Amino acid sequence: WLAGGGVCQSMPPMNPLSLSKLTSSMIFQLPADPAAGMEAREVDIGLNIKFERRDMAVPHLARRSHAGPWEYSRECRAQLRAYLTAFPEIAKGLAALPPSQMPDAASLLRLGSAPAGTSPTTYFNKVVKWLAARPPSSGALTKSSALALPPVVV
């Protein structure tokens, strides 16, 4: 298990805000793209590994340490690396944000240095398809405190 700061140091340009956003839920409203035949819709591009407000996490991927900060397993870090490799613009865009600001989909891509003319709808639909191809993990949510987890997981 590795604390969030260690995860950020091992995966530039990750920072605590982008790590938090990527490992939880990150919802964007995508505009319609008539050329691609797509209507406007909301998409979640987060990994859905932990949920701060509900104090829940996927036990083999994330947990709260006894001191309170989030810790991430090797498997979780591998999922993050795969995500960042497939979609580096997302991490770059999140890292470029001022604290507590969440941009719209087009701004995130611009901040992440996506090629000019990249359609947010097309790009984020690729992210959604990539996420859907991952093995499901959110069905095993449990309290995120390490004290609440069975000893095998801790």
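In this text, all values refer to a predicted model and were calculated from it rather than measured experimentally. (Residues numbered from 1 in each chain as written. Predicted model: local features only at pLDDT ≥ 70, side-chain atom pairs only at ≥ 80, totals over all residues. Heavy atoms only, no water.)

> Please clarify how the environment of N15 should be interpreted in this entry.
Note that N15 resides in the loop between α1 (4–10) and α2 (16–23). Counting along the chain gives 76 residues from N15 to A91, while the straight-line C-alpha distance between them is 8.7 Å. When neighbours within four sequence positions are excluded, N15 is seen to be in contact with C8, L94 and A95. From its side chain, N15 meets the backbone nitrogen of S18 in a polar contact 2.7 Å long. (Helix = DSSP H or I, 4+ residues; strand = E, 2+ residues; numbered from the N terminus. Contact = heavy atoms within 4.5 Å. Polar contact = N/O pair within 3.5 Å; in protein donor to acceptor, adjacent residues only side chain to side chain.)

> When you look at the pattern of salt bridges in this model, what are you seeing that I'm missing?
Oppositely charged side chains may form a pair once their charged atoms are brought near each other. For the coordinates displayed, the defined rule picks out three salt bridges. Here E52 ties to R64 by a salt bridge, and the two come within 2.3 Å at their closest N and O atoms. Of the two residues, E52 is situated in the loop between β4 (50–51) and β5 (56–57) and R64 in strand β6 (residues 62–64); the sequence distance between them amounts to twelve residues. Accessibility expressed as a relative area gives 43% for E52, which makes it partly exposed. A relative accessible area of 18% places R64 in the buried class. The residue R64 makes a salt bridge to D55 at a minimum N-O spacing of 3.5 Å. Residues joined in a network through salt bridges with shared partners are E52, D55 and R64. (Salt bridge = Lys/Arg side-chain N within 4 Å of Asp/Glu carboxyl O. Buried < 20%, exposed > 50% of the residue type's maximum accessible area, 1.4 Å probe, protein only.)

> What exactly am I supposed to notice about the packing of α2 against helix α3 (residues 74–86) here?
Helices that pack against each other are described as a pair by the angle of their axes relative to one another and the distance between those axes. In the contact formed by α2 and α3, the axes pass within 12 Å of each other and the chain directions differ by 100°. On the basis of the axis angle, α2 is roughly perpendicular to α3. Listed contacts from α3 to L19, L22 and T23 of α2 are L80, Y83 and L84. (Axes fitted to C-alpha atoms, helices over the stretch in contact; angles between N-to-C directions. Parallel < 35°, antiparallel > 145°, perpendicular 65-115°, else oblique.)

> Is there a simple way to explain the nonpolar core in this structure?
What tends to happen in soluble globular proteins is that the nonpolar side chains get buried as a cluster. In terms of nonpolar packing, the biggest core is built from 36 residues, with L22, I45, L80, Y83, I90, F124 and V127 touching the most fellow members. Elements supplying a minimum of two residues to this core: α1, α2, β2 (27–30), β7 (70–72), α3, α4 (88–95), α5 (105–111) and α6 (120–133). Residues in contact with L22, not counting those within four places in the same chain, are M14, G46, L47, N48, L80, Y83, L84, I90 and L94. (Core = buried A, V, L, I, M, F, W, Y, C linked by side-chain atoms within 4.5 Å.)

> Even after reading the chapter, I still don't get the layout of surface pockets, so can you show me in this structure?
In this approach the atoms are scanned with a rolling probe the size of a water molecule, which exposes any empty space left behind. The calculated volume of the largest pocket comes to roughly 250 Å³. Lining the largest pocket are L17, S20, K21, S24, S25, K50, F51, E52, R53 and R54. Secondary-structure elements contributing two or more residues to the lining of the largest pocket are α2 and β4. Take the lining of the largest pocket: its biggest share by element is three residues, from α2. Of the residues that constitute the lining of the largest pocket, the class distribution is two nonpolar, three polar and five charged. (1 Å grid on protein atoms, 1.4 Å probe; cavity = no way out; pocket = protein on both sides within 12 Å on 5 of 7 lines; lining within 4 Å. Points joined across faces, edges and corners; volume = space filled by probe spheres on them. Nonpolar A, V, L, I, M, F, W, Y, C, P; charged D, E, K, R; others polar.)

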